[in-house]
Every structure is written in C-alpha cells, then in structure tokens.
Amino acid sequence: MNEIRRVAVVGAGQMGSGIAEVFARAGLDTVVCEHGPHALRAARARIDRSLHHAVERGRLSPAGREDAWAHLLFADDLEALADRQLVVEAVVEDERVKSEVLAALDEVLADERAVLATNTSAIPVTRLGIATSRASHVLGLHFFNPAPVMPLVEVVSSLHTDPTVLNRVDSFVRDTLGKHVVRSRDRAGFVVNALLVPYLLAAIRMAEAGHATAADIDDGMVHGCAHPMGPLQLADLIGLDTVQAIAEALYEEYKEPLYAPPPLLSRMVEAGLLGRKTGRGFHSHRAG
C-alpha cells in the first residue's frame, strides 16, 4: 500500500475542488485550504454538487458519497497542513502566485519527505520548484477537468525532481487514485496542452475570421472527426482565461505563432466571457 494517506489541496476552484473530491473518494485524509469563509463555503457547495451528480449518474453510491464527506476537512490557514504528506497547489494560473504559495507551504510542512505538487497547466515546474528549499520534492500533477471523471493525470518531473519521489507519486496516482498516468518532461504545456492548445487557437482564429460560426466549427469536428466535443465547446469548458494563460506560457517559451493568443480570445477574457464558469463564452451555458 502506498504510504501517502494525508493529503491537501490549496485552492478549491473548479480544478482544486475536483482534485479534493478525487482524494476523498479514494479514502484519503483530505484537507481543503481556501482563503476565508466565503471561499470555503463555495468550495463545499462545489464538491457537494459534484458528489450529488455522481450519485445521480450512477458513478457513486449514496454510501460512497457519505464516505467521501467523512474524509474531507476544510481550513483557511496553511498551518493546518503541517502534517500533510502530499499537498497539491491548485491556485490561479499565475507564476508569481503559485511560487508564493509553494514557498509558504515549504515553510509549513513538517516532514522533509513531504511532496509539493503543482496542478499548473503550462508553467514549467522547475521555475516553481526553485521557489522552495525542497526542489527535489516538487513535481507537477496535472489533472484534467472535471477531475473526478477524467482518467488522465500528467506527472511532470522538473530538472530537480528526485527520481524516487517521481516513482513514489506515480505509484500513488495509479494505485491509490486509480488514474491513468502519462509522464512528461518539464516543458511548457507538457504533453496534452502542447498538442491541444494550438488546435483550440486555430478554431478561435477561424471563428474570428468569420469562416464559420462557433456552432458549425464545433459540429464539423464532432460529426466529421468523431471528437466528443468541438474545440470551442472544449475551450469554454476549460475556461477561456485558462486557455489564454496556457497559450501565453507556450508562446513565451517557444515564440512560435501557432501559440500566440488570438485577439478575439484576449477581448473575450477582458470582457469576462470565460465560458461555462461565467455562463457565456463562444456558447451560452445554463447555470449549474
């Protein structure tokens, strides 16, 4: 049995709450850390909705839902995470913010073997790890949205990550969480987003140029290429602000035009039209 049993997630937005749910449903002692009572209430509500939907859709039993709640604790102070063996940072996709959180966690964690993981979508893990004094115990754990449903986790080693730590966490994700793992070296976008984001940006440029409507672009890929979801629907699901942040990280590293965020994407983010989480992006979305 993997020895990692005490875990935490810092940041409980759409991704962080999903990761916390994955941990709790695996029977792990899970602390969810957010800033202030309002954010904690929102996190509880988000997890509650997800667990309710899982029961409704037959993916989880009512008893399993109760068991998951029994494994969740909520805190608004990083000091509550001192005894954790693994902490996943899932705050906003901003290098400065992530680095500050990881540095603070480094000071708090009592166990020198404790692992710090970042759920960044694109920021190189090496740059985040050197914000701490334990770069050998920092790696990327990139879950996909929605984390309780999507089977894939990218496990990303930095130039400093200890191979023993990498193998330990790989085993934890596979055996304890039951996820499918792909390993990636530390490059912006890792494996999936380095392939996916240029495709999403190409669809946005097509809509921007007026070649086809958002609905027709999506229908073309769903019905012509057997994709389960069109590229603009997928961008809305991911969050247009997140797509923009990943594109910017890719463009910063490679300076290739295919990674540059189109002006339309930037305008939509500025306007707060972020996709499903705001109710409107390239498509309109009903609340809930």
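You'll find the structure just up there.
Thresholds, definitions, all that
- Residues numbered from 1 in each chain as written.
- Predicted model: local features only at pLDDT ≥ 70, side-chain atom pairs only at ≥ 80, totals over all residues.
- Heavy atoms only, no water.
- Helix = DSSP H or I, 4+ residues; strand = E, 2+ residues; numbered from the N terminus.
- Expected span 1.5 Å × (residues − 1).
- Buried < 20%, exposed > 50% of the residue type's maximum accessible area, 1.4 Å probe, protein only.
- Contact = heavy atoms within 4.5 Å.
- Polar contact = N/O pair within 3.5 Å; in protein donor to acceptor, adjacent residues only side chain to side chain.
- Phe/Tyr/Trp six-rings, centres within 6.5 Å; stacked < 30°, edge-to-face > 60°.
- Pairing = 2+ DSSP bridges.
- Axes fitted to C-alpha atoms, helices over the stretch in contact; angles between N-to-C directions.

### Details of helix α4 (residues 95–108)
Here is step 1: Compared with an ideal rise of 1.5 Å per residue, which puts 14 residues at 20 Å, α4 spans 20 Å between its outermost C-alpha atoms and is within 8% of the ideal.
Here is step 2: Where α4 is concerned, the buried positions are K98, S99, V101, L102, L105, D106 and V108.
Here is step 3: Contacts from the buried residues of α4 go to β1 (6–10), β4 (86–89), β5 (115–118) and α5 (125–129).
Here is step 4: You can read the cap of α4 off the contacts: a side-chain oxygen lies 3.0 Å from the backbone nitrogen of R96, and it is on D94.

### Section: the packing of aromatic side chains
Centre distance and the angle of the planes are the two values used to describe a pair of aromatic rings.
Here is step 1: Counted by the stated rule, this structure contains four aromatic pairs.
Here is step 2: With 6.4 Å between their ring centres and 85 degrees between their planes, F23 and F143 make a pair best called edge-to-face. With F23 in helix α1 (residues 14–25) and F143 in strand β6 (residues 138–143), this residue pair connects regions lying 120 residues apart in the sequence.
Here is step 3: Overall, the relative accessible area of 2% leaves F143 in the buried class.
Here is step 4: Plain terms: the ring middles of F23 and F172 are 6.1 Å apart, the flat faces sit at 55 degrees to each other, and that makes the pair tilted.

### Here we look at the sheet that holds strand β3 (residues 72–75)
Here is step 1: Pairing in this open sheet of eight strands is mixed, and the strands run β3-β2-β1-β4-β5-β6-β7-β8 from one edge to the other. The open sheet terminates on both sides in strands that have one partner only, identified here as β3 and β8 (180–184). The mean angle between the axes of side-by-side strands here comes to 25 degrees, regardless of whether they run parallel or antiparallel.
Here is step 2: Inspection of the sheet shows strand β2 (residues 29–33) paired to β3 by four bridges, in the parallel sense. Its bridge partner lying in β3, V31 is registered against L73.
Here is step 3: Contacting β1, β4 and β5, α4 crosses the sheet at an angle of about 165 degrees to β5.

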